[in-house]
Amino acid sequence: MPIMYNTGDWFTLQPDTYRKFDLHTPHWPIDLDLEYMKVVCAPYGGPIAVTRDPEQIVPIKGTAKPVIRIFDTAGNELSKIWWNHGKLISMGWSDTEELICVQDDALVFIYDMFGHEKESYSMGQEASLTKILDAKIFQSSTGTGVAVMTTNGRIFLKHNNTKDFRSRLLPEMPKSSSECTCWELITEDRNSYCLLGRDREIIKLFPGESLGSITRNLIDKSFERIMLIAVSYNHQNLALYTNTGILWMGSVDMKQKYCEFDTGRKDVPKQIEWIMNADKTGSDAVVIAYPSFLLVVNRNGDKNLFTYDNVIHLVSEMDGIRILTHNSHEMIQKLPKCVQNIFAINSQEPSSFLFEAQKKFQEKSHQADEYLSLFRNRIDVAVNECIEAAGYEFCTTTQKCLMRTSYFGKGFITSHNPERHIQMLRILRVLNTLRNPKIAMPLTIKQFQHLKPEVILARLVFRKHYAIAIQVAKHLKLTESWILEHWAYHKVMNDKNDNEVARKITEKFKNPSIGGISFCNIAEKAYAAGRDELAIKLLELEPRAFLQIPLLLKLGKFDRAVQSATQSGDTELVASILMEIKKKMMLTNFHMIIREYPMALNIYKKIMNEWSRTALYDIYNAEDDHKSIAEYHFRNALESDSLESNLPIIANSYTQGRRNVEAELCSDTNKLMKLQKALTNKYANIYGHITFYRLSIHSTIEKLLELGEMKEAEKVKNDFKVPDRRFWWLRILSLSNKYKWDDLEKFSKSKKSPVGYEPFVEVCLKQNNLTEARKYVLKCRDDRKSYLYIRAGLYDEAVDTAYDQKDLNTLYMLQQKANTIGNRQLLEKINTNVAILASKK
């Protein structure tokens, strides 16, 4: 079925089909003639740098000083770089659209597309001393690299994206009287190496080797020297061009030869570039640019010729070749399979039938149904292929036809998911916007998908296409806050009216749907630009208080910084800014600021408590905080072992602070310390080295009981109003620890125990004295006796007690215990008692 549609730019190199189509016509300035210029183009529709070719004799217009002019692909001039350095050897673009310029003394300068110098570095002292003969800017897996060849034939490499600023020296070339005529850089995995052409041989310089390796006899036909080397975009294929016009094509390792093609030309072409497939899987053809015509040759030796009136510049892309001349801007690419299926003559593919059916449907012809009947079972394939083909097209009319066809076809699919159709419409709208000469970024869909929308947005923002970038972000449902921030930076740097800038920024950022905006970042830019008033105005717009603080400190707004920090509730933040502020102002002023903010004051006190007690006392004294003053003296007294002498001062401070309980405790502590001093002096002579210092009242009584000083212990008890329960416990523990069981029994009978008699049982059990424990169990409460007998292991007594108290639960528990220990006699007794009690219920 013939479909004559959009096929006029196709050409065939058996067995593949290629197409050449226009991007947009550049409008260069009148004073620019590319024929006499060195031209370097950034890939992915990036900027173009041109400078006068010093090897050509041309009349000089204006100044003789070298000038690098940077344009977009539509011919709009972006900037000029007046070259005030040494001799410019080479230039090229990095993967981030930075212009890299190499001069003969091995210095490398990096500029952005607007002519601003970003950085410079040297390729090394050796390269600088021997001077640079040629240089290459190349792409690798680690980013953009620079390679230079010195006059003595040594090659140095450096990757811009690495932290190592040293350049790497490649192996030395084998000695020869001949000079190299061409060279190229190749990246393999993470290694970059060099191929050089010298006479009839190829030299490979691989890092780490001592000497370069030589490959000869690659080309069968007669020639004298290799003039050009070209490597494919994916660094998998190699092309060599000889002085006799022979083109050799093969793999980059030179182990496989695709073909040898005789061009029949004796002149050396300007460029050779490989055409990458649209899916970036390989390269099947090369484009050779002569001064007036273009020759396309594939692996099978098939060719096609295009003539031009102007000089030709080739730009290698990931999915084709761009052709730039003074009057045109075109692209050659291998025809995508989906496009060929739809538009090829006599195509029998479902997508081709669907396209024709849609046309007939628009014409209201019954033939639409006839076409549909040919592929109804594969209509989903046809729809997807039409959507895919629309992405490859640059012509908007063709895009519309293909998307209209897919829309028509999906109506015949019962469970069709429209997401792919909608997404392609969004992408096409973005691509068409980027291809507009005002934006001048002619990206293909494969380039768009490779770069990712975020990178494309960043490039739009850098070119100051803010409105377009925001619309693209909205269209692709990406965040737009950072774009607005970048726009705000631009306003801060270029608009000198503070009030107007603040108003415009507020107006732009007031949309509640825009999240993640930080006014502090913009205020920081204003501060860096010396616009303090504008910075303060912008800080007032920031709703998140903690973000304001760093810049407030720089601006000297300490009071506002403390306020913002306390509002954030972040104690670590408050602590850090307090220490920062303290360094920058007088202490009295600092105290006046933090007194207004209780949280900040408390945090500062805590810090000073660990760092500087003197500063802490100054704060307490200034605030008449007598309680804190007392605590300050108390802590110092403890650490200096002078508590006794300082207790009156501490008690006085508590009294002034109306803390009567604490003051009374100080008096009691003073009284206790005097007593302990007297006891130490009294008993040291009797018992040797002994001390009561720093003991609590409890421990003091305990120690006296240990010594057997009962009367003294009772006196301390009475003087300090120690409860009877505590004293009895201390007495019981003391007697049991000394195994004085008779004294313990006498003590239990001295009067009614305020703690009961279980403590007596517990201390006896602790000392494994069951005989004494029995005595006291009898005095315990009836409901506790069974439990205590069990604790003591007196199971017979426990059974009798439980039976007397009719406690079946305890009997059951004892029954399990008897089973466990295997006491049959006890078990029978328990069973009998259980049976008797159960029968009485």
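All of the points below concern the structure found in this document. Just so we're clear, the structure is a prediction, and the values are computed from it rather than from any experiment.

## A few points about the state of the cysteines
Applying the stated criterion across every chain yields a total of 0 disulfides. Cysteine Cys-180 shares no disulfide, and the gap to the nearest cysteine sulfur, in Cys-182, comes to 8.0 Å. Accessibility expressed as a relative area gives 23% for Cys-180, which makes it partly exposed. Cysteine Cys-386 shares no disulfide, and the gap to the nearest cysteine sulfur, in Cys-338, comes to 9.1 Å. You can call Cys-386 buried: its relative accessible area is 0%.

## What about the sheet that holds strand β9 (residues 107-111)?
Reading across from one edge, β7-β8-β9-β10 is the order of the 4 strands in this open sheet, with antiparallel pairing throughout. Edge positions in the sheet fall to β7 (88-93) and β10 (117-122), since each has one partner strand and no second. Recorded for the sheet is a direction-independent mean angle of 20° between the axes of neighbouring strands. Relative to β10, β9 runs antiparallel, the two sharing 5 bridges.

## Looking at unusual backbone geometry
Of the consecutive residues Gln-14 and Pro-15, the connecting peptide bond is found in the cis state with omega at 5°. With respect to the secondary-structure elements, Pro-15 resides in the loop between β1 (10-13) and β2 (16-22). One non-glycine residue, Asp-199, lies in the positive phi region at around 55°. Tracing the backbone through its elements, the reader meets Asp-199 in the loop between β16 (191-198) and β17 (201-205). Note on Asp-199: relative accessible area 28%, which makes it partly exposed. In this model, Ala-440 sits at a positive phi of 60°, which is unusual for a non-glycine residue. Within the fold, Ala-440 resides in the loop between α7 (419-435) and α8 (445-451).

## Examining helix α13 (residues 519-528)
Taken residue by residue, α13 has Phe-519, Cys-520, Ile-522, Ala-523 and Ala-526 as its buried positions. All buried residues of α13 project into a common sector of 160° when viewed along the axis, lining one side. Residue Gly-530 follows α13 closely and has a positive phi angle near 80°.

## Looking at the packing of aromatic side chains
All chains considered together, the criterion is met by 16 aromatic pairs. For the ring pair Tyr-739 and Trp-741, a centre distance of 6.3 Å and an interplane angle of 65° mean the geometry is edge-to-face. Since its relative accessible area comes to 13%, Trp-741 is described here as buried. Here a set of aromatic residues connected by ring pairs shows up, and it is made of Phe-11, Tyr-18 and Phe-306. Stacked on the ring of Phe-223, the Lys or Arg Arg-200 has its end atom at 4.3 Å from the ring centre.

## Thoughts on the sheet that holds β2
Pairing within the open sheet is antiparallel, and its 5 strands lie in the order β1-β2-β29-β28-β27. Looking along the sheet, the strands with just one partner apiece sit at the ends: β1 and β27 (313-317). Neighbour-to-neighbour, the strand axes of the sheet open up by a mean angle of 25°, direction not taken into account. As judged from the 5 bridges shared by β27 and strand β28 (residues 320-324), these two strands associate in the antiparallel manner. Paired with His-313 across the bridge in β28 is Leu-324.

## Regarding the nonpolar core
Ile-505, Ile-577 and Leu-578 are the most contacted members of the largest nonpolar core, which totals 98 residues. The leading source of residues in this core is helix α5 (residues 379-392), at 8 residues. With residues near it in sequence (within four places) discarded, Ile-577 still touches Ile-549, Leu-553, Ala-561, Val-562 and Ala-565. The next biggest cluster of nonpolar side chains, apart from the first, holds 34 residues, and it includes Leu-735, Tyr-757, Tyr-795 and Ala-802.

## Structural notes on the side chain of Asp-319
With respect to the helices and strands, the residue Asp-319 is situated in the loop between β27 and β28. For the buried Asp-319, which has no salt bridge, the nearest side chain bearing the opposite charge is Lys-446, at an N-O separation of 8.0 Å. Reaching out from Asp-319, the side chain makes a polar contact with the side chain of Thr-444 at a distance of 2.5 Å. Once residues within four sequence positions are removed from consideration, Asp-319 is found in contact with Met-276, Asn-277, Ala-278, Met-331, Gln-333, Thr-444, Lys-446 and Gln-447.

## Focus on the environment of Asp-220
Examined against the element boundaries, Asp-220 turns out to sit in the loop between β18 (213-215) and β19 (226-231). Assessed through its relative accessible area of 63%, Asp-220 is described here as exposed. For Asp-220 and Trp-248, which are 28 residues apart along the polypeptide, the C-alpha to C-alpha distance reads 9.4 Å. With near-sequence residues (within four places) excluded, Asp-220 lies in contact with Lys-257 and Glu-260. At 2.9 Å, the side chain of Asp-220 forms a polar contact with the side chain of Lys-257.

## Details of the packing of helix α27 (residues 741-750) against helix α29 (residues 770-777)
The N-to-C vectors of α27 and α29 enclose an angle of 5°; their axes lie 12 Å apart at closest approach. Of the possible angle classes, the one that applies to α27 and α29 is roughly parallel. Between α27 and α29, the contacting residues are Trp-741, Leu-744, Glu-745 and Ser-748 on the first element and Glu-772, Lys-775 and Tyr-776 on the second. Classifying every residue of the contact of α27 with α29 by side-chain character gives 3 nonpolar, 1 polar and 3 charged.

## Thoughts on the pairing of strand β23 (residues 271-276)
Among the 6 residues that make up β23, 6 are buried, leaving the element largely enclosed by the rest of the structure. Because side chains alternate across β23, one face comprises the buried residues Gln-271, Glu-273 and Ile-275, and the other comprises Ile-272, Trp-274 and Met-276, equally buried. Sheet topology places β23 next to strand β24 (residues 283-289); 6 bridges connect them, and they run antiparallel. Its bridge partner being in β24, Trp-274 is matched across the sheet by Val-286.

Criteria and thresholds
As a convention, each chain's residues are numbered from 1 in the sequence order in which they are written. Selection of residues for local features in this predicted model requires a pLDDT of at least 70, selection of side-chain atom pairs for listing and counting requires 80 or more, and totals for whole chains, interfaces and linings are taken over all residues. No hydrogens and no water enter the side-chain calculation; it runs on all heavy atoms of the structure. The criterion for a disulfide is a pair of cysteine sulfur atoms lying within 2.5 Å. Throughout, exposure labels follow a simple rule: accessible area from a 1.4 Å probe, protein chains only, divided by the maximum for the residue type, with under 20% read as buried, over 50% as exposed, and the rest as partly exposed. Note on pairing: two strands pair once DSSP finds at least 2 bridges between them. Numbering of helices and strands runs from the N terminus; a helix is a DSSP stretch of H or I covering at least four residues, while a strand is a stretch of E covering at least two. In this description, a line fitted to the C-alpha atoms serves as the axis of each element, helices being fitted only across the stretch in contact, and the angle between N-to-C directions of two axes falls anywhere from 0 to 180 degrees. What the arc covers is the set of directions going from the helix axis to the C-beta atoms. For Phe, Tyr and Trp, rings pair up if their centres lie within 6.5 Å, where Trp contributes its six-membered ring, and each pair is then called stacked (planes under 30 degrees apart), edge-to-face (over 60) or tilted (otherwise). Working rule: Lys NZ or Arg CZ, within 6 Å of ring centre, within 35 degrees of ring normal, means a charge sits over the ring. To qualify as a nonpolar core, a set must consist of buried Ala, Val, Leu, Ile, Met, Phe, Trp, Tyr and Cys residues joined through side-chain atoms within 4.5 Å. Here a residue-residue contact requires only that any non-hydrogen atoms of the pair lie within 4.5 Å. The charge count includes Lys and Arg as positive and Asp and Glu as negative, but it does not include His or the ends of the chains. The term salt bridge refers to a pairing of a side-chain nitrogen on Lys or Arg with a carboxyl oxygen on Asp or Glu at a separation within 4 Å. Two N or O atoms count as a polar contact when they lie within 3.5 Å, although within protein this holds only if one can serve as hydrogen donor and the other as acceptor, and sequence-adjacent residues are included solely when both atoms are side-chain atoms. For classification, angles of less than 35 degrees are called roughly parallel, those exceeding 145 degrees roughly antiparallel, those between 65 and 115 degrees roughly perpendicular, and all remaining angles oblique. Each residue is assigned to one class: nonpolar for Ala, Val, Leu, Ile, Met, Phe, Trp, Tyr, Cys and Pro, charged for Asp, Glu, Lys and Arg, and polar for all the others, Gly among them.

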